[in-house]
Amino acid sequence: MANLLTQTVKNGEVVDTSAAGTSESKPKEAKNGTLGKEAFLQLLVAQMKYQDPLEPMDNTEYISQLATFTQVEEIQNMHAALQQMEGNALVGKTVVLKTTNAATGSTTEVMGVVDGVTHEGTKTYLRVNNSTYSIDDLTTVLDDAYVDALSLAQSFSVAVRSLPAKSMLTLADEAKIANLGAAYAAMTDYQKGFIAEEDLKRLTEAADQIALLRKNAEGEPSGGDDDNTPPTDQIPSEE
């Protein structure tokens, strides 16, 4: 009896069940859509294995593809080495990373100081806020001056917002308000750019109220000058 040739049919179409058509013979692609060195090698082996015996590949073509494979591997090794150097240089720096939830696809930004680096094979990982992230998630490295200015602005805002309401101010608050005015005056123009207008307005109003209380306490007219008043001229007035 002659051998029967059978084929699998799925959804009305013939399915290729040969070795060349199975997923195992197909090279895997890297996550970014490009071929890695393992996938490239698989592709080359498959090409050699399933070449037409009547028209075999030329040796020169093999050598060319092998040379290309070597270049791919060298580029990947160089990329890994550069990532290691970059990761080591980031220790102590404030960075921003964007992570993606594999289940939901949502992204989250994480900001913090890199306090450690781990290298696993060709992969580099950063330790930030007691968690580990791939260096591939890195989006921003913050300048030290930026971090200092941001921190100073946050501290300034907390101090200003801790002041009593204007109607509740007393001369006991005079020194604190004067110190805040002096602190603002000592900032650089770059640092002043981080101060919220609302905080400046509140501090200016507080300084004006303290000046009025001081003048009333000393029995001076409201338009007089007093050397003991806080340096309100150091605080930009609202237009």
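For the structure given in this document, a descriptive report is provided here. Values in this document were obtained by computation on a predicted structure and should not be read as measured data. (Residues numbered from 1 in each chain as written. Predicted model: local features only at pLDDT ≥ 70, side-chain atom pairs only at ≥ 80, totals over all residues. Heavy atoms only, no water.)

1. Some points on helix H6 (residues 197–218)
Move 1: Here H6 contains 22 residues, and its C-alpha end-to-end distance of 32 Å stays within 8% of the 32 Å for a straight helix at 1.5 Å per residue.
Move 2: Buried within H6 are the following residues: Asp199, Leu200, Leu203, Thr204, Ala206, Ala207, Gln209, Ile210, Ala211, Arg214 and Lys215.
Move 3: Buried residues along H6 sit in contact with helix H3 (144–161) and helix H4 (174–185).
Move 4: Glycine 219 occupies a position one or two residues after H6 and carries a positive phi of about 70 degrees. (Helix = DSSP H or I, 4+ residues; strand = E, 2+ residues; numbered from the N terminus. Expected span 1.5 Å × (residues − 1). Buried < 20%, exposed > 50% of the residue type's maximum accessible area, 1.4 Å probe, protein only. Contact = heavy atoms within 4.5 Å.)

2. As for the sheet that holds strand S4 (residues 107–120)
Move 1: Taken together, the 5 strands give an open sheet; going across it, the order is S6-S5-S4-S3-S7, and neighbouring strands pair in antiparallel fashion. This sheet does not close on itself; its edge strands, each paired only once, are strand S6 (131–134) and strand S7 (138–142). Averaged over neighbouring strand pairs, the angle between their axes works out to 45 degrees when direction is ignored.
Move 2: Where strand S3 (residues 94–100) lies against S4, 7 bridges are found, and the strand directions are antiparallel. Across the sheet, residue leucine 97 finds its bridge partner in S4, namely valine 110. (Pairing = 2+ DSSP bridges. Axes fitted to C-alpha atoms, helices over the stretch in contact; angles between N-to-C directions.)

3. A short note on the packing of aromatic side chains
For any pair of aromatic rings, the description consists of the separation of the ring centres together with the inter-plane angle of the planes.
Move 1: All chains considered together, the criterion is met by 3 aromatic pairs.
Move 2: Where tyrosine 146 meets phenylalanine 194, the ring centres are 5.5 Å apart and the plane angle is 70 degrees; that geometry is what we call edge-to-face. Highlighted residues: tyrosine 146 in helix H3 and phenylalanine 194 in the loop between helix H5 (189–192) and H6, separated in sequence by 48 residues.
Move 3: On the basis of relative accessibility, which here comes to 30%, the residue tyrosine 146 falls in the partly exposed class.
Move 4: Ring geometry for tyrosine 190 versus phenylalanine 194: centroids 5.1 Å apart, planes at 70 degrees, classification edge-to-face.
Move 5: You can call phenylalanine 194 partly exposed: its relative accessible area is 26%.
Move 6: Taken together, the aromatic side chains of Tyr146, Tyr190 and Phe194 make up a single cluster linked through ring pairs. (Phe/Tyr/Trp six-rings, centres within 6.5 Å; stacked < 30°, edge-to-face > 60°.)

4. Quick notes on the pattern of salt bridges
Move 1: One pass over the full model with this rule turns up 6 salt bridges.
Move 2: Taking the shortest distance from any N to any O, the salt bridge between glutamate 174 and arginine 214 comes out at 2.7 Å. With glutamate 174 in helix H4 and arginine 214 in helix H6, this pair connects stretches of sequence that are 40 residues apart.
Move 3: Between arginine 214 and glutamate 218 there is a salt bridge, with its nearest N and O atoms 3.6 Å apart. (Salt bridge = Lys/Arg side-chain N within 4 Å of Asp/Glu carboxyl O.)

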